[in-house]
Amino acid sequence: MKTYIALLKGINVGGYKKVPMADLRVQLTKSGLKQVRTYIQSGNVVFQSEYNNLDDIEASIQKTIQSFFGFEVSVLVRTRAHLKRIFDNCPFPEEKKIKSYFTLLHHTPDEALIKVASEKVYKGEEYKIINDCIYFYCASGYGRAKFNINYFEKKLITTATARNYNTMVKLMELSDIT
């Protein structure tokens, strides 16, 4: 049985795509996942599964959400080791890292696409695209940033979902099952 982390995109935001975490845990357990735990309301799920194919696990979670809640949700599943590698590879110094966002990409984009996407620059905002993550720091805070996930999804031809430093730390902690 392996431990995984699922990141759901765009649920419980502004009253749309409401997914109570208790209901989500029950439905994912019924679908065959084990030891299902959630963290905060923004779609962070830690669980165990006997399956190894991430695409199949993502599809199963999407199907469960579609069937029970009645809408589609983008799902990104990663192992703890993958999430830890992303976290550890943050290019920012520690004082910026703790205020950073980690935008996880579903696929590692082509270098040519990264080059085009990286041409967008905003004053006071820093980002670096490394493999399947966009590391983002904004001195004035994420809520005031001009950084836009939709822009990067279009330019990099992939889906993405962002988590802050504290959420990344908590997900690694919750998934550290030994």
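From a predicted model like this one, the values you see are computed outputs, not experimental measurements. (Residues numbered from 1 in each chain as written. Predicted model: local features only at pLDDT ≥ 70, side-chain atom pairs only at ≥ 80, totals over all residues. Heavy atoms only, no water.)

> For this particular structure, what's the right way to read the overall build of the chain?
Helix and strand content of the chain: 7 helices and 8 strands. Taken over the C-alpha trace, the chain has a radius of gyration of 16 Å; the compact-globule value for 178 residues is 16 Å, and the two agree within 12%. By principal-axis analysis of the C-alpha atoms, the chain measures approximately 45 × 35 × 30 Å. Here the chain holds 178 residues, and the buried ones make up 44% of them. Pairs at least 24 apart in sequence give 67% of the contacts found in the chain among residues at least 6 apart. Seen as two clouds, the 26 positive and the 18 negative side-chain charges of the chain have centres 5 Å apart. (Helix = DSSP H or I, 4+ residues; strand = E, 2+ residues; numbered from the N terminus. Rg over C-alpha atoms; globule rule 2.2 N^0.38 Å. Buried < 20%, exposed > 50% of the residue type's maximum accessible area, 1.4 Å probe, protein only. Contact = heavy atoms within 4.5 Å. Lys, Arg positive; Asp, Glu negative; His and termini not counted. Charge placed at Lys NZ, Arg CZ, Asp CG, Glu CD.)

> Mind showing me how you'd approach the packing of aromatic side chains here?
Remark: the centre distance and the inter-plane angle together describe each pair of aromatic rings, the angle taken between the planes. Following the criterion strictly, the structure yields 14 aromatic pairs and no others. The ring of Phe87 has Lys97 sitting right over it, with the charged end atom 3.9 Å from the ring centre. (Phe/Tyr/Trp six-rings, centres within 6.5 Å; stacked < 30°, edge-to-face > 60°. Lys NZ or Arg CZ within 6 Å of the ring centre and 35° of its normal.)

> Is there a simple way to think about the pattern of salt bridges in this case?
As a working rule, side chains carrying opposite charge can pair if their charged atoms are close by. A complete count under the given rule lists 6 salt bridges for this structure. Lys96 is the partner of Glu126 in a salt bridge, and the nearest nitrogen-oxygen pair spans 2.4 Å. Here Lys96 lies in helix 4 (residues 94–97) and Glu126 lies in strand 6 (residues 125–130), a separation of 30 residues in the sequence. Taking the relative accessible area as the measure of exposure, Glu126 reaches 32% and is therefore partly exposed. Several salt bridges share partner residues, and in doing so they unite Arg78, Arg85 and Asp132 into one network. (Salt bridge = Lys/Arg side-chain N within 4 Å of Asp/Glu carboxyl O.)

> Explain the sheet that holds strand 4 (residues 75–79) here, please?
Within the open sheet, the 4 strands sit side by side as 2-3-1-4. Their pairing is antiparallel. The open sheet is flanked by strand 2 (34–39) and strand 4, the only strands paired with a single partner. On average, each strand axis in the sheet is tilted by 25° relative to the strand beside it, whichever way the strands run. Across 4 bridges, the pairing between strand 2 and strand 3 (residues 44–49) is antiparallel. Residue pairing in the sheet places Tyr39 in a bridge with Asn44 of strand 3. (Pairing = 2+ DSSP bridges. Axes fitted to C-alpha atoms, helices over the stretch in contact; angles between N-to-C directions.)

> Whenever I open this one, the pairing of strand 5 (residues 101–105) confuses me. Can you help?
With 4 of its 5 residues buried, strand 5 lies for the most part within the structure. Where strand 5 lies against strand 8 (residues 160–164), 5 bridges are found, and the strand directions are antiparallel. Its bridge partner being in strand 8, Tyr101 is matched across the sheet by Asn164.

> Is there a simple way to think about the sheet that holds strand 5 in this case?
A sheet is described by the order of its strands in space; here 4 strands give the open sequence 6-7-5-8, paired in antiparallel fashion. Taken across any chain shown, the strands that pair with only one partner, and hence form the sheet edges, are strand 6 and strand 8. Across the sheet, the mean angle separating the axes of adjacent strands is 20° when strand polarity is ignored. Pairing between strand 6 and strand 7 (residues 133–138): 6 bridges, direction antiparallel.

> I would appreciate a short explanation of the nonpolar core in the present structure.
Inside soluble globular proteins, nonpolar side chains tend to come together where they are buried. Leu8, Leu24, Phe47, Ile61, Ile65 and Val77 are the most contacted members of the largest nonpolar core, which totals 20 residues. Of all elements in the fold, only strand 1 (2–8), helix 1 (21–30), strand 3, helix 2 (54–69) and strand 4 reach the threshold of two or more residues within this core. Here this core gets 4 residues from one element, more than from any other, and that element is helix 2. Within the second largest apolar cluster, 19 residues are counted, among which are Ile5, Leu76, Cys133 and Met172. (Core = buried A, V, L, I, M, F, W, Y, C linked by side-chain atoms within 4.5 Å.)

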